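Listed below, chain by chain, are the residues.
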Amino acid sequence: MAQREVRLVESEQSRKPMNQNPVPLSEIALTGIFEISKILTAPARLEVTLANVVNLLQSFLQMRNGVVSLLADDGVPDITVGVGWNEGSDNRYRARLPQKAIDQIVATAVPLVADNVSAHPMFSAADALALGATDETRVSFIGVPIRIDLRVVGTLTIDRVRDGRSNFRMDADVRFLTMVANLIGQTVKLHRVVARDRERLMAESHRLQKELLELKPQREKKRVRVDGIVGESPAIRTLLAKVSIIAKSQSPVLLRGESGTGKELIAKAIHELSARANGPFIKINCAALPESVLESELFGHEKGAFTGAIQSRKGRFELADKGTLFLDEIGEISASFQAKLLRVLQEQEFERVGGNQTIKVNVRIVAATNRNLEEAVARKEFRADLYYRINVVPMILPPLRDRPTDIPLLATEFLKNFNKENDRELAFEPHALELLKACSFPGNVRELENCVRRTATLAMGPQILDSDFACHQDECLSAILWKGHAEPAPERPRPQIPLQVLPRKAPLEIVPRESASAPLEAGGLAPPSSEASNGAPMSERDRLVNAMERSGWVQAKAARLLGLTPRQIGYALKKYDIELKHF
């Protein structure tokens, strides 16, 4: 829109009578700088950003062609874009550049103005021909340096045809192009800093991942004990072995996993096994506070910074100095706050709310989320630069359904704590533990603890039997959550037990691997059961919901039931607009 308005201003200015005041050049230049700054701050690849700037220049300058040429650190041409640039066309624009003139601009860091390239000593006959200059066509040229600090890293050049009718203000054009080149230089500097930072962080991540993969079996078998972490399964042993290695590093850690898998316990374990163990371990739930309060909580505030700030207060970053800061649910922070957080993570310095004194800290960041950050970055809901900053060492915490052998140990530990708190001496009957092992517990350890405490509270005898669990009365709250509503149990000699909990004598239905991996016909869903309870054929949507309910709304397990890949079942859920249930 701005380009069209400026063109209208220029065209109407040329038609105005001499007694009417034309639009000042300074006003046009100011508008141009404003529009160009918006392009330079928009999220895009550097080549696309620079091409958009050159295209926009046509609206504010009388020019035929424009080229931005950047040099790499070793002086070799890196990026060259021009008017109408598209992918892979850099060489076409590079061929139009007068090399001798460009070399002089880079060497002297001084703009070069040629009123007639055919008569200028910096331009050869081949250069003039490449710029379209002939005996009948007079072409002028302006080139200005692009700087990063005091170093010239490229040039911004334009050429125009002198037809004898236009009155060019070369000095004003040089000043305008110099301002644009300075803005470009700052943008290039930021892109290169982010790129180097990203490469360094990825290299560190690869190094640590390689060290984890090369871990010898005997070291994996070495027991690492962490307070609050209970389990003997291979999944939990591997996790704890990784914790002992990662704790030795200072790199940021991102804990990935479902709710209830123990992310806070692992974060504390990383801290306690690290060299920062004598320092503070500070935690904060980023999703529990609004943005304004979160900023004050993390960075602190000065007295009088806002209503109610009756005294200065340190923030969590300051409290965690020389220790570890655990940022739980980091995927829930707003886009505007992500930019503030990025600067602190990158520079380890900040200002309190309402203050102007820069405070430097030495804090290790351990973040956690149950969101798919990669999808959030693709949807531009989460900044890519912040993602690379926190995702240096990712750790995936296994859900409880992937370590069923740990369920009896955890349940026994929870019952032990319950007995101690309530002065009781309950114990599990063996069949009760077998029943618990058959559960998938979509709420993970937190749901298992609630299940044990609820059953222990209502237990009448000294032993907890399998019949004491809520599933035997068709009152399993988790099963109700899976289905979204409570369904009446069909009349049978004994109550129907939801798929989450199976009695010890009920055989598990096993889906053969051959059938689970069989190809689908016409993209349909391979149903676990092709008929509804009333005998009528089930629709594809019903089959999909049925499989999700049977698998506890775990997409990977439902995919195996239906013979789909996780990606295919994701597309199917979106296609039928089926809302996922989270626990």
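Residues numbered from 1 in each chain as written. Predicted model: local features only at pLDDT ≥ 70, side-chain atom pairs only at ≥ 80, totals over all residues. Heavy atoms only, no water.

Student: Explain the state of the cysteines residue by residue, including any values.
Tutor: A covalent bond between the sulfur atoms of two cysteines is what we call a disulfide. As enumerated under the stated definition, the model contains 0 disulfides in all. Take cysteine 439: it sits in no disulfide, and the sulfur closest to it among the cysteines is that of cysteine 451, at 6.3 Å. Given a relative accessible area of 6%, cysteine 439 falls into the buried group. In this structure cysteine 451 comes out as buried when scored by relative accessible area, which is 13%. (Disulfide = S-S within 2.5 Å. Buried < 20%, exposed > 50% of the residue type's maximum accessible area, 1.4 Å probe, protein only.)

Student: Describe the nonpolar core, naming the residues involved and giving the relevant values.
Tutor: Residues Leu57, Val68, Leu156, Phe176 and Val180 are the most contacted members of the largest nonpolar core, which totals 41 residues. Elements represented by at least two residues in this core include exactly α2 (25-41), α3 (46-57), β1 (65-71), β2 (77-82), β4 (138-148), β5 (151-162) and α7 (170-213). No other element matches α7, which puts 8 residues into this core. In terms of nonpolar packing, the next biggest core, distinct from the first, is built from 30 residues, Leu254, Leu298, Phe350 and Val363 among them. (Core = buried A, V, L, I, M, F, W, Y, C linked by side-chain atoms within 4.5 Å. Helix = DSSP H or I, 4+ residues; strand = E, 2+ residues; numbered from the N terminus.)

Student: Account for helix α22 (residues 555-562), with residues named and values stated.
Tutor: Residues of α22 that are buried: Ala558, Ala559, Leu561 and Leu562. For α22, the angular spread of the buried residues around the axis is 160°, confining them to a single face. Buried residues along α22 sit against α21 (540-550) and α23 (566-575). Just downstream of α22, glycine 563 is the residue with a positive phi angle, here 75°. (Arc of directions from axis to C-beta. Contact = heavy atoms within 4.5 Å.)

Student: I'd like a description of the sheet that holds β4, backed by residues and values.
Tutor: The 5 strands are arranged β2-β1-β5-β4-β3 in an open sheet whose pairing can be described as antiparallel. Of all strands in the sheet, those with a lone pairing partner are β2 and β3 (112-114), marking the two edges. On average, each strand axis in the sheet is tilted by 15° relative to the strand beside it, whichever way the strands run. Bridge count for β4 against β5 is 11 bridges, and the pairing is antiparallel. For phenylalanine 141, the partnering residue across the bridge sits in β5 and is aspartate 159. Across the sheet, α3 is in contact with β1, β2 and β5; its angle to β2 comes to roughly 40°. Contacting β1, β3, β4 and β5, helix α5 (residues 99-108) crosses the sheet at an angle of about 135° to β5. (Pairing = 2+ DSSP bridges. Axes fitted to C-alpha atoms, helices over the stretch in contact; angles between N-to-C directions.)

Student: Help me get a handle on the pairing of strand β13 (residues 363-369), residues and values and all.
Tutor: Of all 7 residues in β13, 7 are buried, a share of seventy percent or more. Residues Val363, Ile365, Ala367 and Thr369 of β13 are buried on one face, and the alternating residues Arg364, Val366 and Ala368, pointing to the opposite face, are buried as well. Alignment of strand β6 (residues 253-256) against β13, held across 4 bridges, turns out to be parallel. Bridge pairing links leucine 255 to alanine 368 in β13. Both strand β10 (residues 323-328) and β13 contribute to a ladder of 5 bridges, which runs parallel.

Student: Kindly report on the pattern of salt bridges, identifying the contributing residues and their values.
Tutor: Tallying each qualifying case throughout the model produces 30 salt bridges. We note a salt bridge from arginine 160 to aspartate 173, for which the minimum N-O separation is 2.9 Å. Residue arginine 160 is found in strand β5, and its partner aspartate 173 is found in helix α7; the two are separated by 13 residues along the sequence. Residue classification places arginine 160 among the buried positions, given a relative accessible area of 4%. Linking glutamate 318 and arginine 352 is a salt bridge whose minimum nitrogen-to-oxygen distance equals 2.9 Å. Note that glutamate 318 is positioned in helix α12 (residues 316-319) and arginine 352 in the loop between β11 (349-351) and β12 (358-360), a separation of 34 residues in sequence. Like arginine 352, glutamate 318 is buried. A single network of salt bridges, built from pairs that share partners, joins Arg343, Glu349, Glu351 and Lys360. (Salt bridge = Lys/Arg side-chain N within 4 Å of Asp/Glu carboxyl O.)

Student: Lay out the pairing of β10 in plain terms, naming residues and giving numbers.
Tutor: Most of β10 is tucked away: 6 of the 6 residues are buried. Here 5 bridges tie strand β7 (residues 281-285) to β10, and the two strands are oriented parallel to one another. By the bridge assignment for β10, isoleucine 282 is matched with leucine 325.

Student: Outline the confidence of the model for the protein chain, supporting the account with residue identities and numerical values.
Tutor: A residue-level look at the protein chain finds 81% of positions with pLDDT of 70 or above and a mean pLDDT of 80. Taken as a whole, residues 1-19 scores under 50 in pLDDT and shows 16 contacts with residues more than four places along the chain or in a different chain. Confidence drops under pLDDT 50 across residues 484-531; counting only partners more than four residues distant or on other chains, this segment forms 75 contacts. (pLDDT = per-residue confidence, 0-100.)

Student: So, the environment of leucine 190: which residues are in play, and what are the values?
Tutor: By the element assignment, leucine 190 lies in helix α7. Between the C-alpha atoms of leucine 190 and isoleucine 148, which are 42 residues apart in sequence, the distance is 9.8 Å.

Student: Give me the environment of glutamine 338: which residues, what numbers.
Tutor: Here glutamine 338 lies in helix α13 (residues 335-347). Under the relative-accessibility criterion, glutamine 338 is labelled buried at 0%. A sequence separation of 48 residues divides glutamine 338 from leucine 386, and the C-alpha atoms of the two residues are 7.1 Å apart.

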